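Listed below are the residues making up each chain.
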Amino acid sequence: MAITAARDVRFQSASQRSPTNALNAVEAGAAEFTLHDLPPLPTPDRQTMRSQAASGCTVVLMLIAVLAGLPHSVGNNYGGPWEHGNFRLRQLGLVALYIEAFFAILCLLGIMWGDPGVLKRSPETCFPLPQNIAEKLRQKQSLAGLENVYEGQHVFCVRCCIWRPDSSPPLYRDNTHHCSTCQRCVADFDHHCGVFGR
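Please read these numbers as outputs of a predicted model, since none were measured by experiment.

Chemist: Hey, could you go over the overall build of the protein chain for me, with residue numbers and the actual values?
Modeler: Counting its regular elements, the protein chain contains six helices and five strands. Each helix and strand of the protein chain, ordered N terminal to C terminal, gives the series α-α-α-α-α-α-β-β-β-β-β. For the protein chain, with 198 residues in total, the buried portion stands at 33%. Within the protein chain, counting contacts between residues at least 6 apart in sequence, those at least 24 apart form 62% of the total.

Shown next, in the form of C-alpha cells:
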C-alpha cells in the first residue's frame, strides 16, 4: 500500500506533491537506493543500429542525388523542352528542386540525431522501486530473467529500472515499450525502424 502511494507521488506535478506523500515515498524505501545503485542500462545493439542507419542514409542521399542531379544535368546538356522556352522558369524549377533536396537532408538529420522519446533515468522515474526489485538489489542479485512489474496502470521495466508513464487519463501513454534493439524504453513506441536504426 505504501509503495502504491509513493509511486502516485511520482505521477503528480510538483505543486500537487505534499510533504506527507514525500514522507510515504521515503518510508517505502525510495531513499534506500540512489541512481548509482541501479544496475547499468543494457547495451544497445550498436552494430545493427549503425548498419541500418548507414544503409538508410545511403538510400536517401542517393535518391536526392539522382532526383536533383538528373534534371539538372538533362536540362544543362540537352535543353529539352527548355531549349526554346523560358530560361527563368527552368531556373525556378531547379531552385525549387534544390530547396526540396535541402529540406529532405534536414529531415534526415532530424531523424538521425533527434531524440526518439527515450525515457531517462531520474529519481522521479526510477523510485520507489518495486519490492521484489529492491530485495534483489539489496542481495546484490541480477535482475536478468525477471518480468516487468505491473501495478494497476503503472509498469516498471526491469531492464531499464524505470517506471513507464501512466496509461490512465489524461495521459493515455500505454504505448511506451522497451525496444529490443536500442535497449531503452521509448515513449510513443511504434516499432524499431530497420531503415534508419532508430
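This is not the end of the story, as more comes after the structure.
Chemist: Got a sec to walk through the nonpolar core? Specific residues and values, please.
Modeler: Membership of the largest hydrophobic core comes to 14 residues, with the highest contact counts inside it found for Phe 33, Leu 38, Phe 127, Leu 129, Ile 133, Leu 137 and Phe 156. Element by element, the count of residues in this core is highest for helix H6 (residues 131–138), at three residues.

Chemist: Kindly report on the sheet that holds strand S3 (residues 162–163), identifying the contributing residues and their values.
Modeler: Taken in spatial order, the three strands of this open sheet run S1-S2-S3, and their pairing is antiparallel. Every other strand in the sheet has two partners, leaving strand S1 (149–151) and S3 as the edge strands with one partner each. Strand direction decides the pairing type here: strand S2 (residues 154–157) and S3, joined by two bridges, are antiparallel. By the bridge assignment for S3, Cys 157 is matched with Ile 162.

Chemist: An account of the packing of aromatic side chains is requested, with residue identities and associated values reported.
Modeler: This model, assessed by the stated rule, comprises two aromatic pairs. Aromatic pair Phe 102 and Phe 103: ring centres 5.6 Å apart, planes at 70°, arrangement edge-to-face.

Chemist: I'd like a rundown of the side chain of Arg 184, residues and numbers included.
Modeler: Assignment of secondary structure puts Arg 184 in strand S5 (residues 184–186). Within the buried core, Arg 184 has no salt-bridge partner, and the shortest N-O distance to an opposite charge, that of Asp 115, equals 9.6 Å. Reaching out from Arg 184, the side chain makes a polar contact with the backbone oxygen of Pro 42 at a distance of 2.6 Å. The contact partners of Arg 184, leaving out residues within four places of it in the chain, are Leu 41, Pro 42, Pro 44, Val 118, Cys 160, His 177, His 178 and Cys 179.

Chemist: Describe in detail the environment of Val 95, supporting the description with residues and values.
Modeler: Turning to its location among the elements, Val 95 is positioned in helix H4 (residues 87–113). Remark: the alpha-carbon pair of Val 95 and Ala 68, spanning 27 residues in sequence, is separated by 9.9 Å.

Chemist: Go over the pattern of salt bridges with me, naming the residues and quoting the values.
Modeler: Taken as a whole, this structure holds two salt bridges when the rule is applied. Across the pair Lys 120 and Asp 115 runs a salt bridge, and its minimum N-O distance is 3.9 Å. Classification of Lys 120 by relative accessible area gives exposed; the value is 53%. A salt bridge links Glu 135 to Arg 138; the nearest nitrogen and oxygen atoms lie 2.9 Å apart. Residue Glu 135 and its partner Arg 138 are both found in helix H6; the two are separated by three residues, about one turn of the helix. For Glu 135, a relative accessible area of 37% translates into the label partly exposed.

Chemist: Mind laying out H6, listing which residues take part and the relevant values?
Modeler: Among all positions in H6, only Ile 133, Ala 134 and Leu 137 are buried. In a view along the axis of H6, the buried residues occupy a sector of 100°, so they form one face of it. Lys 140 lies just past H6 and shows a positive phi near 60°.

Chemist: Give a detailed account of a nonpolar patch on the surface, specifying residues and quantitative values.
Modeler: A surface patch of nonpolar side chains, amounting to about 920 Å² of accessible area, comprises Leu 61, Val 95, Ile 99, Phe 102, Phe 103, Ile 105, Leu 106, Leu 109 and Trp 113. Per-element accounting of the nonpolar patch gives the leading share, eight residues, to H4. For Leu 106, a relative accessible area of 39% translates into the label partly exposed.

Chemist: Can you lay out the confidence of the model for the protein chain for me, pointing to particular residues and giving the numbers?
Modeler: Looking at the protein chain as a whole, the pLDDT averages 77, with 73% of positions reaching at least 70. For the protein chain, helix H2 (residues 19–27) is the element with the lowest average pLDDT, namely 40, and S3 is the one with the highest, namely 93. Per-residue pLDDT stays below 50 along residues 1–30; that stretch engages in 34 contacts with residues further than four places along the chain or on separate chains.

Rules used in this analysis
- Residues numbered from 1 in each chain as written.
- Predicted model: local features only at pLDDT ≥ 70, side-chain atom pairs only at ≥ 80, totals over all residues.
- Heavy atoms only, no water.
- Helix = DSSP H or I, 4+ residues; strand = E, 2+ residues; numbered from the N terminus.
- Buried < 20%, exposed > 50% of the residue type's maximum accessible area, 1.4 Å probe, protein only.
- Contact = heavy atoms within 4.5 Å.
- Core = buried A, V, L, I, M, F, W, Y, C linked by side-chain atoms within 4.5 Å.
- Pairing = 2+ DSSP bridges.
- Phe/Tyr/Trp six-rings, centres within 6.5 Å; stacked < 30°, edge-to-face > 60°.
- Lys, Arg positive; Asp, Glu negative; His and termini not counted.
- Salt bridge = Lys/Arg side-chain N within 4 Å of Asp/Glu carboxyl O.
- Polar contact = N/O pair within 3.5 Å; in protein donor to acceptor, adjacent residues only side chain to side chain.
- Arc of directions from axis to C-beta.
- Patch = residues over 30% accessible without salt bridge, like charges linked within 9 Å, V, L, I, M, F, W, Y side chains within 5 Å.
- Areas by Shrake-Rupley, 256 points an atom, 1.4 Å probe, with all protein chains shown as cover.
- pLDDT = per-residue confidence, 0-100.

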